[in-house]
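# Topology and contacts: notes
Listed here are the chains, written in short residue letters.
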Amino acid sequence: MKKLITTALCIFGLTSSDAQEFIRKYQDRANLVSIDRITANLKSFEKLGVKTTGSPENDNALQWIREQYLSYGYTADQISEDPFSIGKKKSNNLIITKKGTVNPDQHIIICGHFDSINGPGVNDNGSGTSIILEAARILKDVPTDYSIKFIHFSGEEQGLYGSRHYANEVAYTGKQRNIEIKMVLNLDQVGGKKGMFNDTVFCDEDQDGTSKNNEASTRATLELMKCTKLYSPLKAEIDPAEHSDYISFEKKGEVITGFFEYIRSDLPHTRDDTFANTDVRYVYNIGKATLGALQHFAGASDK
Ligand SMILES: [Zn+2]
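Residues numbered from 1 in each chain as written. Predicted model: local features only at pLDDT ≥ 70, side-chain atom pairs only at ≥ 80, totals over all residues. Heavy atoms only, no water.

## Focus on the nonpolar core
Core analysis: the biggest nonpolar cluster contains 63 residues, and Tyr 69, Ile 110, Phe 150, Phe 259, Ile 286 and Leu 294 have the highest contact counts within it. Ranked by residue count, the leading element in this core is helix α8 (residues 280-298), at 11 residues. Counting 18 residues, the second-largest nonpolar core is a separate cluster that includes Ile 109, Ile 151, Ala 167 and Ala 241. (Core = buried A, V, L, I, M, F, W, Y, C linked by side-chain atoms within 4.5 Å. Buried < 20%, exposed > 50% of the residue type's maximum accessible area, 1.4 Å probe, protein only. Helix = DSSP H or I, 4+ residues; strand = E, 2+ residues; numbered from the N terminus.)

Spelled out as C-alpha cells, the structure:
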C-alpha cells in the first residue's frame, strides 16, 4: 500500500554507483529465476484466498510460505515466527535467516508483506512474496559475506503492524539494537498493470522521516538502480519510500530501499487483484533485478 503521488527524478550525472561492476556469476544466478516458478507461486498465492490479518487464510498463507522454504532445503532452526496482535486479532511474521560467512552478525533484510485485504492480493503483495521465495531458493547454497534475513510480514494493510512489531520488539528493545542491520530491501506491489508495457521499476529512496539515514538510502537506492540495469532488462526510476514495511525500519534509523511498480495498478485492495490481472513477465524481470541486487548487497560469492 503506497500513496498515489510519486515523484520521478532523473539520476543522470551521479557517479557514486559507477564503481559497481557487472559480475558474470551474479547474472548466471539471476537467470535462474524461473517464470514457471513465479507463475506457480502467484497461482498458489491466489488460491490461498483473502489473507486478512488474523484470518485462517492469513495463517494458511504463512504455513504455505514456510513449506516453500523447507522444500528449498532450509531447516526448521533457520525459520522463526514473530507473533503480534492487532486488538484481538493475532498474526505472525515469518523470518528465515541464512548465515553470512564473513560478517555473520550483520544482516541484509529482504522483506515484503503477505497479508491482503478485500482480494487475494496477487499483485499486492503476492508479487513481492514470490520474488523473495525465488531469491531464497536460488541463494540457498551460495556463500554471502553478510547474513540475509528473508522476512514475510503480516499486518501491513492495517498500518504496518507486523513490521513495526518486528522492528520495535525483535530488532530493537527500546533504543537497544538487538540485530545489526546493514540495510533493508522491501518489495511491495511489483505485479504491474496487465496490458501495459511494463518496462520500468521504481526504486524507493528514503527522502523523509529520520534524516540521518537519508544519504545512505540514496546510495543504496542508486546501487539498486544500477543492479536493475545490470541484471534485468528493466529501466529504473526513483520515487520516495513511503507507506510500506521499510518505514518501520526507517523510523529506527536504518538504511532502506525497495522496489515498487512504475505503472501503478488500481486493483490492489480489491477483489480483482488476481493472477489474471498481474503481469507475470514483469514480476519475473523484477525477480532478476532483485537477485542481482541482493547478491550485490549481501556480498555473494562471484565464483
Ligand atoms: Zn502492499
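## Overview of helix α6 (residues 214-231)
Between its first and last C-alpha atoms α6 spans 25 Å; for 18 residues at 1.5 Å apiece the expected length is 26 Å, and the two agree. Taken as a whole, α6 has its buried residues at Asn 214, Ala 216, Ser 217, Ala 220, Thr 221, Leu 222, Leu 224, Met 225, Cys 227, Thr 228 and Tyr 231. (Expected span 1.5 Å × (residues − 1).)

## Considerations on the UniProt feature "domain: Peptidase M28" (unreviewed entry) in the protein
Those residues carrying the UniProt feature "domain: Peptidase M28" (unreviewed entry) are residues 93-290 in this numbering. Secondary structure within residues 93-290 divides into 32% helix and 28% strand; the distance between the first and last C-alpha atoms comes to 21 Å. (UniProt positions renumbered as here; feature names shortened; annotations may be inferred.)

## Topic: the pattern of salt bridges
Enumeration according to the criterion identifies 8 salt bridges in this entry. Between Lys 235 and Asp 199 there is a salt bridge, with its nearest N and O atoms 3.2 Å apart. Here Asp 199 lies in the loop between β7 (180-187) and β8 (200-205) and Lys 235 lies in strand β9 (residues 235-240), a separation of 36 residues in the sequence. A relative accessible area of 22% places Asp 199 in the partly exposed class. (Salt bridge = Lys/Arg side-chain N within 4 Å of Asp/Glu carboxyl O.)

## Some words on the environment of Asp 199
Expressed as a C-alpha distance, the spacing of Asp 199 and Pro 104, which sit 95 residues apart in the sequence, is 36 Å. Side chain to side chain, Asp 199 and Thr 200 meet in a polar contact 2.9 Å long. (Polar contact = N/O pair within 3.5 Å; in protein donor to acceptor, adjacent residues only side chain to side chain.)

## Digging into the sheet that holds strand β2 (residues 89-98)
With mixed pairing, 8 strands are arranged side by side in an open sheet as β1-β2-β4-β3-β7-β10-β8-β9. Of all the strands in the sheet, the pair left with one neighbour each is β1 (79-86) and β9. Going across the sheet, the axis of each strand differs from the next one's by a mean of 25 degrees, ignoring polarity. Examined bridge by bridge, strand β3 (residues 103-113) and strand β4 (residues 146-153) share 8 bridges and lie parallel to one another. (Pairing = 2+ DSSP bridges. Axes fitted to C-alpha atoms, helices over the stretch in contact; angles between N-to-C directions.)

## What about the pairing of β9?
Bridge count between β8 and β9: 6 bridges; the pairing is parallel. If you follow Cys 203 over to β9, its bridge partner there is Ile 238. For the crossover from β8 across α6 to β9, the handedness is right-handed. (Right-handed = clockwise from strand over helix to strand, strands pointing away.)

## Observations regarding the layout of surface pockets
When its volume is computed, the largest pocket comes out at roughly 200 Å³. Lining the largest pocket we find Asp 206, Gln 207, Asp 208, Gly 209, Pro 240, Ala 241, Glu 242, His 243, Ile 247, Glu 250, Lys 251 and Ile 256. Grouping the amino acids of the lining of the largest pocket by side-chain chemistry returns 4 nonpolar, 3 polar and 5 charged. (1 Å grid on protein atoms, 1.4 Å probe; cavity = no way out; pocket = protein on both sides within 12 Å on 5 of 7 lines; lining within 4 Å. Points joined across faces, edges and corners; volume = space filled by probe spheres on them. Nonpolar A, V, L, I, M, F, W, Y, C, P; charged D, E, K, R; others polar.)

## Things to note about helix α4 (residues 122-139)
Taking 1.5 Å per residue, 18 residues should reach 26 Å; α4 reaches 24 Å between its end C-alpha atoms and fits that length. Counting buried positions along α4 yields 17 of 18 residues, so the element is predominantly enclosed.

## Comments concerning the side chain of His 107
Within the element layout of this structure, His 107 appears in strand β3. With sequence-adjacent residues up to four places away left out, His 107 is seen in contact with Ser 147, Lys 149, Ile 179, Glu 180, Ile 181, Lys 182 and Met 183. (Contact = heavy atoms within 4.5 Å.)

## Describing the packing of helix α2 (residues 35-47) against α8
One can describe the packing of α2 onto α8 by two numbers: an axis separation of 10 Å at closest approach and a directional angle of 115 degrees. In this structure, α2 crosses over α8, and the sense of that crossing is right-handed. Residues Ile 35, Ile 38, Thr 39 and Leu 42 of α2 form the contact with α8, whose participating residues are Val 280, Arg 281, Val 283 and Tyr 284. In terms of residue class, the contact of α2 with α8 is built from 6 nonpolar, 1 polar and 1 charged. (Left-handed = near helix turned anticlockwise from the far one by under 90°.)

## Structural notes on the packing of aromatic side chains
Applying the stated criterion across every chain yields a total of 10 aromatic pairs. Ring geometry for Tyr 69 versus Phe 150: centroids 6.2 Å apart, planes at 50 degrees, classification tilted. Placement of the pair is Tyr 69 in helix α3 (residues 56-72) and Phe 150 in strand β4, with a sequence separation of 81 residues. This pair shows no difference in class: Tyr 69 is buried, exactly as Phe 150 is. When the ring of Tyr 166 is compared with that of Phe 249, the centres are 6.2 Å apart and the planes differ by 55 degrees; the resulting orientation is tilted. Here Tyr 166, found in helix α5 (residues 161-171), pairs with Phe 249, found in helix α7 (residues 246-250); they are 83 residues apart in sequence, far enough to count as distant. Each member of the pair, Tyr 166 as well as Phe 249, is classed as buried. One aromatic cluster in this structure is built from Tyr 69, Tyr 72, Tyr 74 and Phe 150. The aromatic ring of Tyr 146 is capped on one face by Lys 182, whose charged end is 4.2 Å from the ring centroid. In this structure, Lys 252 packs its charged tip against the face of Tyr 172, placed 4.8 Å from the ring centre. (Phe/Tyr/Trp six-rings, centres within 6.5 Å; stacked < 30°, edge-to-face > 60°. Lys NZ or Arg CZ within 6 Å of the ring centre and 35° of its normal.)

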